Amino acid sequence: MAEILGPRVYSCSNCRNHVCLHDDIISKAFQGRNSRAFLFSHAMNIVVGAKEDRQLMTGLHTVADIYCRDCREVLGWKYERAYEETQKYKEGKFIFEKSKIVKENW
């Protein structure tokens, strides 16, 4: 009999809290502060910090750090606003640093 598998999930590497789904990946071609990063359309079990303007590789953005809801580890950031027209697709999306998340249910 075939095993029934749930959705492929990424968890906080520190406490294993589920924070995002593989199916919500938009791109794996991003750079975080310290490592490669993935852009996700949705996130769960996170806390969004204060908004701030940051000069990133692709221009000025308003972002907010995102933290694991359980252990408060910084996992990446949320794009709140993109000032350049070509970057508007990032608004409302989430960056998770690859080094801060681990695969579950794969």
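About the criteria used
- Residues numbered from 1 in each chain as written.
- Predicted model: local features only at pLDDT ≥ 70, side-chain atom pairs only at ≥ 80, totals over all residues.
- Heavy atoms only, no water.
- Helix = DSSP H or I, 4+ residues; strand = E, 2+ residues; numbered from the N terminus.
- Buried < 20%, exposed > 50% of the residue type's maximum accessible area, 1.4 Å probe, protein only.
- Contact = heavy atoms within 4.5 Å.
- Pairing = 2+ DSSP bridges.
- Axes fitted to C-alpha atoms, helices over the stretch in contact; angles between N-to-C directions.
- Salt bridge = Lys/Arg side-chain N within 4 Å of Asp/Glu carboxyl O.

**Student:** What should I look at first to understand the environment of leucine 21 in this one?
**Tutor:** If you trace the backbone, leucine 21 turns up in strand E2 (residues 18-21). Judged by relative accessible area, leucine 21 falls into the partly exposed class, the value being 26%. The spatial distance from the C-alpha of leucine 21 to the C-alpha of alanine 64 is 20 Å, given a sequence separation of 43 residues. The residues contacting leucine 21, other than those within four sequence positions of it, are Pro7, Arg8, Val9, Tyr10, Phe40 and Met44.

**Student:** Looking at this model, I keep getting lost on the sheet that holds strand E1 (residues 9-12). Mind explaining?
**Tutor:** In a beta sheet, neighbouring strands pair by backbone hydrogen bonds and run either parallel or antiparallel. Taken in spatial order, the three strands line up as E2-E1-E9 in an open sheet, and their pairing is antiparallel. For this open sheet the edge positions go to E2 and strand E9 (101-104), each flanked by a neighbour on one side alone. Direction aside, the axes of adjacent strands within the sheet are offset by 35° on average. Where E1 lies against E9, four bridges are found, and the strand directions are antiparallel. Within the sheet, the bridge partner assigned to cysteine 12 lies in E9 and is isoleucine 101.

**Student:** Even after reading the chapter, I still don't get the pairing of E1, so can you show me in this structure?
**Tutor:** Side chains on a regular strand alternate between the two faces of the sheet. Sheet topology note: the E1/E2 ladder contains three bridges and is antiparallel. Paired with valine 9 across the two strands is leucine 21, which belongs to E2. Hairpin remark: E1 followed by E2, antiparallel, with five residues in the connecting loop; positive phi at arginine 16, about 70°.

**Student:** What's the story with the pattern of salt bridges in this structure? I'm lost.
**Tutor:** Per the stated rule, a full pass over the model turns up seven salt bridges. We note a salt bridge from glutamate 104 to arginine 16, for which the minimum N-O separation is 3.4 Å. Of this pair, glutamate 104 sits in strand E9 while arginine 16 sits in the loop between E1 and E2; the two residues are 88 residues apart in sequence, bridging distant segments of the chain. By relative accessible area, which is 46% here, arginine 16 ends up partly exposed. The shortest N-O distance in the salt bridge between glutamate 73 and lysine 100 comes to 2.7 Å. On the criterion of sequence distance, the pair formed by glutamate 73 in the loop between strand E6 (59-68) and strand E7 (74-82) and lysine 100 in the loop between strand E8 (94-97) and E9 is long-range, its members being 27 residues apart. Classification of glutamate 73 as partly exposed rests on a relative accessible area of 27%. One salt-bridge network, in which partners are shared between bridges, spans Arg33, Glu52, Arg54 and Asp65.

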